[in-house]
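# Coordinates in review
Listed below are the residues making up each chain.
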Amino acid sequence: MSNKLNYSMSLAKPDAKDFSLKQKVAIGIGIIGLFILVLALFNADINHSGWVLTTALGLIVLGTIWFSNSVYLSESKGIKNDGVWFKSISSRGLIGWATGIVLTLFYIVLYFYPHLLGLGKDGAPNTGLVALFDPLSQLLSGRPASQWFVYGALYTMAILVFGYKFFLKYRHNRYEQIRTGSVMFFQLAFAFLIPEFMYVMNSDLPYYDLKSIWPLNYYLFDSWSIKGFLSAGTIGLILLIFGVVSIFIITPILTYKYGKRWYCSWVCGCGGLAETAGDPFRHLSSKKLSSWKLERWLIHAVLVFSVVMTMATIYSFLGNNPDSYWLTKSLFIKLSIGFLSLIFLLFMLFKRKEFGKDAKNASIGYAVVISLVLIMHFTGTTDQIFFIKSSSLRSAYGLYIGSIFSGVIGTGFYPIFGSRVWCRFGCPMAAILGLQQRLLSKFRITTNGGQCISCGNCSTYCEMGIDVRAYAQKGENIVRSSCVGCGICSAVCPRGVLKLENDGLKGRINPTEILLGNDVNLMDLVNQNN
Ligand code: SF4
Ligand code: SF4
């Protein structure tokens, strides 16, 4: 028997779980693979041929698969979150902070100093890490790698290998398995392979990840993007039309039928990484009321910024002469204001009750957008909008929202703030889908509150920081804009209280202030029948 002092009161197993020898060897193999990538990064004199890259990536994949097999296949099926608050990496310990800092530095270099990764400047050949990926890029599209290719390859690999780990962890849960298969497929095919093959078919086409929908794909309406699509012939035009159809037809229909989960947990790459590589960090999301308040202001502010910025971008390349092109600046402004006002009025007329207290905030948001659009129209000049060069406005959005928020903070800080910081606080796509999910969707999580034992597992593992237990205790449906429908709250519930469902709109939002569960008061029934 161990003589070690245990300060925990747990009778089960107070110590943090140590790694077995097999798991340590698996981690070692993965670290050797990573080390080869680090050697390349620091321009060590290593061969940049395909087999070195294959060895490095192969070792990482092998190490992760072996580790996952050892952790999960040696135990019975079921939730295995044991010891998450005892491991340094998943409890904001030293390893967690170190990982967060390294990831953040990687993002800073990737976005702002790509030459440090080895990207050749002005047509010079690549060196370092980027050169290591040249053979793979040549194989797929016949061109040298860029920093984005390296990032895409590593990102896809992370979703695939950690997706495998997730598969094993949740192998008792069909919903989680199918959902994970879906994000792995969309990342590999739509985000990584298809754009490379599209380049081979037509090198004039701008990079286009078919599943990245505006406003997440904030550069879709940039002049270089529009010009690229239009100059690429019929296929370019079809892709552009698909981009618009995705925004106005595909997204609303699917969100109406299934909630925002169809995108955030089944298709999106950001969600894909959060659900797979980010799974060990989901309990780190803040559950504070203040975080919920911050989330609502921040995500909708980014949405307003994103809408105005996109309108400004389109506005900046339109002319004033209807004889040159029918869509002039003033017609565009009128149509945009008309469209936004129509949407706002329809929601206020038919969804006022569901808005509740937020109707005031929605009105403020609408007024801000319309005011900004009018200011833009009446103060804008040929190349200045809001008294700033229009290209600078666009760059500021790309820098602060697209790079710093979504990349550096959103992913770099997984081990500190949890895996969905970007999806929860910053993604304008999540904001639009969330509005629709709350007001116009069949999706809800039903709660069989009478069964709830208030263990709090659901709230702990909700990556979006939703206090699921508070709803379960009241037997109230969970209809929250931020819920990405990952289903983990339902998976970890030991009592089968929570169920993700799609049904009619009537009675979907059923708030109750009283902690009743949904137990039936038998005396009420008896009295009613008398
Ligand atoms: S409430 Fe449940 S399904 Fe929704 S995001 Fe949280 S854990 Fe996922
Ligand atoms: S709903 Fe389930 S997981 Fe959540 S507190 Fe109740 S019993 Fe625990």
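Residues numbered from 1 in each chain as written. Chains lettered and ligands numbered in written order. Predicted model: local features only at pLDDT ≥ 70, side-chain atom pairs only at ≥ 80, totals over all residues. Heavy atoms only, no water.

### Focus on the pattern of salt bridges
Within the structure shown, the criterion is met by 13 salt bridges. A salt bridge links Arg282 to Asp279, with the nearest nitrogen and oxygen atoms 2.8 Å apart. Summarising the burial analysis for this pair, Arg282 and Asp279 share the class buried. Owing to a relative accessible area of 1%, Arg282 belongs among the buried residues under this scheme. Sharing partners across several salt bridges, the network here consists of Lys169, Glu176, Arg179, Glu275, Asp279, Arg282, Arg420 and Glu463. (Salt bridge = Lys/Arg side-chain N within 4 Å of Asp/Glu carboxyl O. Buried < 20%, exposed > 50% of the residue type's maximum accessible area, 1.4 Å probe, protein only.)

### Details of the nonpolar core
If you look at the biggest cluster of nonpolar residues, it comprises 81 residues, and the most contacted ones within it are Tyr263, Phe332, Met376, Ile445, Val468 and Leu498. For this core, the element with the most residues is helix 12 (residues 289–316), which contributes 11 residues. Look past the residues within four positions of Phe332 in its chain and what remains in contact with it is Met311, Ile314, Tyr315, Leu318 and Leu327. Tyr107, Phe149, Val150 and Val161 belong to the second-largest nonpolar core, a separate cluster that totals 36 residues. (Core = buried A, V, L, I, M, F, W, Y, C linked by side-chain atoms within 4.5 Å. Helix = DSSP H or I, 4+ residues; strand = E, 2+ residues; numbered from the N terminus. Contact = heavy atoms within 4.5 Å.)

### Regarding the side chain of Thr328
Tracing the chain through its elements places Thr328 in the loop between helix 12 and helix 13 (329–350). With a relative accessible area of 8%, Thr328 lands in the buried category.

### Brief notes about the side chain of Thr255
Along the chain, the position of Thr255 falls in helix 9 (residues 234–258). Sequence-distant contacts of Thr255, that is, excluding residues within four places in its chain, are made with Lys260, Trp262, Leu433, Gln436, Gln437 and Ser441.

### Some words on helix 6 (residues 147–169)
The terminal C-alpha atoms of helix 6, which comprises 23 residues, lie 32 Å apart, in line with the 33 Å expected from a rise of 1.5 Å per residue. A large share of helix 6 lies buried, amounting to 18 of its 23 residues. (Expected span 1.5 Å × (residues − 1).)

### A few points about the domain arrangement of the protein
Here the protein is partitioned into domain 1 (14–75 + 113–198), domain 2 (202–441) and domain 3 (442–530). The centre of domain 2, based on its C-alpha atoms, is set 31 Å off from the matching centre of domain 3. Facing 29 residues of domain 2, the contacting portion of domain 3 comprises 25 residues. Around 2,300 Å² of area is buried between domain 2 and domain 3 when both sides are counted, 52% of it from carbon and sulfur atoms. Its largest share of buried area at the contact with domain 3, domain 2 owes to Arg261, Arg282 and Arg438, together 27% of the area lost on that side. Counting the contacts that link domain 2 with domain 3 gives two salt bridges. Residue Arg420 is joined to Glu463 by a salt bridge in which the shortest nitrogen-to-oxygen separation is 3.4 Å. Remark: the boundary between domain 2 and domain 3 carries 17 residue pairs in polar contact (both at pLDDT 80 or more). (Domains from an automatic or database assignment. Buried area = accessible area lost by both parts, 1.4 Å probe. Polar contact = N/O pair within 3.5 Å; in protein donor to acceptor, adjacent residues only side chain to side chain.)

### Some details on the environment of Met464
The topology assignment puts Met464 in the loop between helix 20 (457–460) and helix 21 (468–474). You can call Met464 buried: its relative accessible area is 2%.

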